[in-house]
Amino acid sequence: MPSRDFLHHADLPPLGRRQLLAGTGAMALSGLLPAAALAQDAWPTRPIRFVVPFAPGGSSEIVARSTAAELSKTLGQNVFVDNKPGAAGNIAMQEVARADDQSTVILGHIGTLAVNPYIFDKLPYDANKDFQPVSLLAKVPSLYVVHPDVPVKNLRELIAYAKKKPGQLSYGSAGNGSAGHLAFEYLKMTAEIFMLHVPYRGTGPMMTDLMSGRLDAASVGAAALLPFIKAGKVRCIATGSTQRLPQLPDVPTVAEQGFPGFEMTQWYGMLAPSSMTRAHVDKLAAECAKAVKAPDALKRLQGDAAEPIGSTPQQFAQFIATEQTRWQKVLKRAQVKPD
């Protein structure tokens, strides 16, 4: 038998019944909204794969694993690093560009985002259209070093020495288009000197020849060089950072030695495929900003002279655009071609 309430409502005029039904529908909808919000907040619901387009080791490993460890604590899901080296990072970038699982991200780098688009005739990915910047995670300053037998104590002396011996001094890098190659070409362009470039298949073999005296100079990320500098196997004559490094307080920056505004750093940031929802990108960005400055991550990054950043997606996008403009000019002038 119908209840009194139902009979009372049924007796309402048509307009009153419509208002009642509208109110009931609104209450039902309002009951669904918190659930939808909770579902959104619950993301990620599965482990996140953080692809690194390089072999294990070096600055990329330090930045990726430090960030992943902290994100695993705050996101409620494991964030695991997956190294996918090969073809100057192009293999991994292509794979992640096509990912649409909402759980795959990649470590973006100066090479894959600001170099490869200008030295390869054709790429299997579009650096600007296939990815969404999430957060600039860290910068690693490049150091300029020479073999101890090279008779220079600082950058000014190297420049003067190179101008006396144009084309007679050599510098090595991990390969054409590598960060070390860019760093020295940028210095050559700025200081108007000419030194011979000798590309290697990686930083390891290049450092072997530098320390043996077969090369005169090189520019490498601080993390990889600090142990050799402290051991006296190479001499650091300048840092590419904007300020002196705590680990090398007596070594002036390039800017201090006559080139104001000069900065040369390797940089690493998180990218998501274009298919990832904006809400997920924003959530990742907020967590990344906290992750790189968490005590454990901060200690590890700063121990290797890496500067934690933790930017917004918009800030990272602007940074990438600026870097692309800068390096396109250097690459064109140096006529850099892939190995």
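In case you missed it, the structure is sitting above this.
Note that the structure is a prediction, hence the values are computed from the model and not measured.

Enquirer: Is there a simple way to explain the environment of I62 in this structure?
Expert: The topology assignment puts I62 in helix α3 (residues 59-75). Look at I62 and you get buried, because its relative accessible area is 14%. Along the backbone, I62 and A297 are 235 residues apart, and their C-alpha atoms lie at a distance of 9.1 Å. With sequence-adjacent residues up to four places away left out, I62 is seen in contact with A223, R300, L301 and D304.

Enquirer: Even after reading the chapter, I still don't get the nonpolar core, so can you show me in this structure?
Expert: A general trend in soluble globular proteins is that nonpolar side chains are found buried together. Within the largest apolar cluster, 50 residues are counted, with the highest numbers of intra-cluster contacts made by I110, Y144, L155, W267 and W327. Elements supplying a minimum of two residues to this core: α4 (90-97), α5 (110-119), β4 (131-146), α6 (155-164), α7 (179-191), β8 (235-239), β9 (265-273) and α12 (313-334). At seven residues, the largest contribution of residues to this core is made by α7. Composition of this core by domain shows at least three residues from each of domain 1 (48-140 + 265-334) and domain 2 (141-257). Setting aside residues up to four positions removed in sequence, W267 forms contacts with G108, H109, I110, L113, A114, L136, A138, K139, F316, F319, I320 and E323.

Enquirer: What is the right way to look at helix α9 (residues 222-230) in this model?
Expert: Think of an α-helix as turning once every 3.6 residues; residues three or four places apart then point the same way. By the burial criterion, the buried members of α9 are A222, A223, L225, L226 and I229. The buried side chains of α9 occupy one side of the element, clustering within an arc of 160 degrees when seen end-on. Where α9 is buried, its residues touch α3, β4, α8 (203-212), β7 (217-221) and β8. Phi turns positive one or two residues past the end of α9, at G232, with a value near 80 degrees.

Enquirer: Where do I start with the pattern of salt bridges in this structure?
Expert: Any two side chains of opposite charge can pair, so long as their charged atoms come close to each other. Summed over all chains, the structure comprises twelve salt bridges. E263 is the salt-bridge partner of K139, the closest N and O atoms lying 3.5 Å from each other. Taken together, the residues K139 in strand β4 and E263 in the loop between β8 and β9 connect sequence positions 124 residues apart. Overall, the relative accessible area of 15% leaves K139 in the buried class. Residue class for E263 comes out partly exposed when judged on its relative accessible area of 23%. One salt bridge in this structure joins K290 and E287, with 3.3 Å as the shortest N-O distance. Here K290 and its partner E287 are both found in helix α10 (residues 278-291), three residues apart, which amounts to about one turn of the helix. On the basis of relative accessible area, E287 is assigned to the buried category, the value being 13%.

Enquirer: Looking at this structure, I do not really get the pairing of strand β6 (residues 196-199). What am I missing?
Expert: In this structure, strand β5 (residues 170-173) lies alongside β6, joined through four bridges in parallel fashion. Residue pairing across strands places S173 opposite P199, the latter belonging to β6. Handedness of the crossover joining β5 and β6 through α7 is recorded here as right-handed.

Enquirer: Explanation requested: the layout of surface pockets in the structure shown.
Expert: A water-sized probe rolled over the atoms picks out the places where empty space is left. Estimates place the volume of the largest pocket at around 1100 Å³. Sorting the residues of the lining of the largest pocket by element identifies α3, α5, α7, α8, β7, α9 and β9 as the ones contributing at least two each. In terms of residues, the lining of the largest pocket owes the most to one element, α5, which gives four residues. When grouped by side-chain class, the residues that make up the lining of the largest pocket number 18 nonpolar, 21 polar and two charged. Volume-wise, the second largest pocket comes out at about 320 Å³. Residue lining of the second largest pocket: 16 residues in total, with S241, L245, P246, A305 and E307 positioned closest to the centre. Elements supplying a minimum of two residues to the lining of the second largest pocket: β4 and β10 (307-308). Taken together, the residues that form the lining of the second largest pocket break down as six nonpolar, six polar and four charged. Mapped onto the domain boundaries, the lining of the second largest pocket takes at least three residues apiece from domain 1 (48-140 + 265-334) and domain 2 (141-257).

Enquirer: Teacher, can you tell me more about the packing of aromatic side chains here?
Expert: Given two aromatic rings, one states the distance between the centres and the angle between the planes to describe the pair. Under the definition given, this model contains eight aromatic pairs. An angle of 85 degrees between the planes, with centres 5.1 Å apart, marks the rings of W267 and F319 as edge-to-face. Linking W267 in strand β9 with F319 in helix α12, this pair joins segments that are 52 residues apart in sequence. In textbook terms, an aromatic cluster arises when at least three aromatic residues are bridged by ring pairs, as seen for Y144, Y171, F184, Y186, F262 and W327.

Each value, and the rule that gives it
Residues numbered from 1 in each chain as written. Predicted model: local features only at pLDDT ≥ 70, side-chain atom pairs only at ≥ 80, totals over all residues. Heavy atoms only, no water. Helix = DSSP H or I, 4+ residues; strand = E, 2+ residues; numbered from the N terminus. Buried < 20%, exposed > 50% of the residue type's maximum accessible area, 1.4 Å probe, protein only. Contact = heavy atoms within 4.5 Å. Core = buried A, V, L, I, M, F, W, Y, C linked by side-chain atoms within 4.5 Å. Domains from an automatic or database assignment. Arc of directions from axis to C-beta. Salt bridge = Lys/Arg side-chain N within 4 Å of Asp/Glu carboxyl O. Pairing = 2+ DSSP bridges. Right-handed = clockwise from strand over helix to strand, strands pointing away. 1 Å grid on protein atoms, 1.4 Å probe; cavity = no way out; pocket = protein on both sides within 12 Å on 5 of 7 lines; lining within 4 Å. Points joined across faces, edges and corners; volume = space filled by probe spheres on them. Nonpolar A, V, L, I, M, F, W, Y, C, P; charged D, E, K, R; others polar. Phe/Tyr/Trp six-rings, centres within 6.5 Å; stacked < 30°, edge-to-face > 60°.

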